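As a plain string of letters, each chain reads:
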Amino acid sequence: MAEGTQKRLQAELEKFQGVQKDIQKAVTVRQKLDAQLNENTLVKEELDRVEEEAKVFKLVGPVLVKQDLSEARSNVQKRIDYINGELKRYDASIKDLEKKQEAHRDVLSKLQHQFQQAQVKAAAKA
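What comes next is a walk through the structure. The shown structure was predicted, so the numbers you read here are calculated from the model rather than taken from an experiment.

### A few points about the overall build of the chain
Here's step 1: Each helix and strand in the chain was counted, giving two helices and two strands.
Here's step 2: Helices (α) and strands (β) of the chain occur, in sequence order from the N terminus, as α-β-β-α.
Here's step 3: Against the globule reference of 14 Å for 126 residues, the chain gives a C-alpha radius of gyration of 26 Å, more extended than a compact globule.
Here's step 4: The dimensions of the chain, computed from C-alpha atoms along their principal axes, are 90 × 25 × 15 Å.
Here's step 5: Here the contacts in the chain between residues at least 6 apart in sequence split such that 74% fall between residues at least 24 apart.
Here's step 6: Carbon and sulfur atoms provide 53% of the accessible area of the chain, an area that totals close to 9,500 Å².

In structure tokens form, the structure reads like this:
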């Protein structure tokens, strides 16, 4: 009995560790998105301060290309909206993964308890 419980315990532990890795990946991506959002917010603030007749340039590869101010503002706002959507998606994904992690943690706890009881019974018989 202890052998079967130990195998189930090991399998559940591997699932738990897999979910932990998935959470870590999602958190890393979310941090990168957050940094991009901060950067784009700063760009938007700078573009809002610029006078209408000012020249605005966009870096395309190694070249600076002149860009219309309203188009630049629009592009930055679209990026901010997209990043906000991705952040919400990753937040939901992280919450879901944390629920899975908690479920695996509960199962692991129960299996560890069963395994310890089986060991105690085996020791008592010996």
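### Considering the pattern of salt bridges
Here's step 1: Taken as a whole and assessed by the stated rule, the structure comprises eight salt bridges.
Here's step 2: One salt bridge in this structure joins D48 and R73, with 4.0 Å as the shortest N-O distance. With D48 in helix α1 (residues 2–49) and R73 in helix α2 (residues 69–125), the pair connects residues that are 25 residues apart, well separated along the chain.
Here's step 3: Taking the relative accessible area as the measure of exposure, D48 reaches 44% and is therefore partly exposed.
Here's step 4: Under the relative-accessibility criterion, R73 is labelled partly exposed at 22%.
Here's step 5: Each member of the salt-bridge network shares a partner with another, and the members are K44, D48, E52 and R73.

### Describing the environment of K58
Here's step 1: Turning to its location among the elements, K58 is positioned in strand β1 (residues 56–60).
Here's step 2: Using a relative accessible area of 38% as the deciding quantity, one classes K58 as partly exposed.
Here's step 3: C-alpha separation for the pair K58 and N84, spaced 26 residues apart in sequence, amounts to 22 Å.
Here's step 4: Excluding residues that lie within four positions of it along the chain, K58 makes contacts with V63, L64, V65, Q67 and N75.

### Observations concerning the pairing of strand β2 (residues 63–67)
Here's step 1: As judged from the five bridges shared by β1 and β2, these two strands associate in the antiparallel manner. What sits directly across from K58, in β2, is V65.
Here's step 2: The turn linking β1 back onto β2 is made up of two residues, and G61 within it adopts a positive phi angle of 65°.

### Some points on a nonpolar patch on the surface
Here's step 1: A contiguous nonpolar patch, built from F57, L59 and L64 and spanning about 350 Å² of accessible area, is present on the exposed surface.
Here's step 2: Looking at the element boundaries, F57 is found in strand β1.
Here's step 3: Its relative accessible area of 45% is what places F57 among the partly exposed residues.

### Looking at the side chain of Q101
Here's step 1: Mapped onto the elements, Q101 comes out in helix α2.
Here's step 2: Under the relative-accessibility criterion, Q101 is labelled buried at 13%.
Here's step 3: When near neighbours in sequence (up to four residues on either side) are disregarded, Q101 contacts F16, V19, Q20 and I23.

Reading the values: the criteria
- Residues numbered from 1 in each chain as written.
- Predicted model: local features only at pLDDT ≥ 70, side-chain atom pairs only at ≥ 80, totals over all residues.
- Heavy atoms only, no water.
- Helix = DSSP H or I, 4+ residues; strand = E, 2+ residues; numbered from the N terminus.
- Rg over C-alpha atoms; globule rule 2.2 N^0.38 Å.
- Contact = heavy atoms within 4.5 Å.
- Areas by Shrake-Rupley, 256 points an atom, 1.4 Å probe, with all protein chains shown as cover.
- Salt bridge = Lys/Arg side-chain N within 4 Å of Asp/Glu carboxyl O.
- Buried < 20%, exposed > 50% of the residue type's maximum accessible area, 1.4 Å probe, protein only.
- Pairing = 2+ DSSP bridges.
- Patch = residues over 30% accessible without salt bridge, like charges linked within 9 Å, V, L, I, M, F, W, Y side chains within 5 Å.

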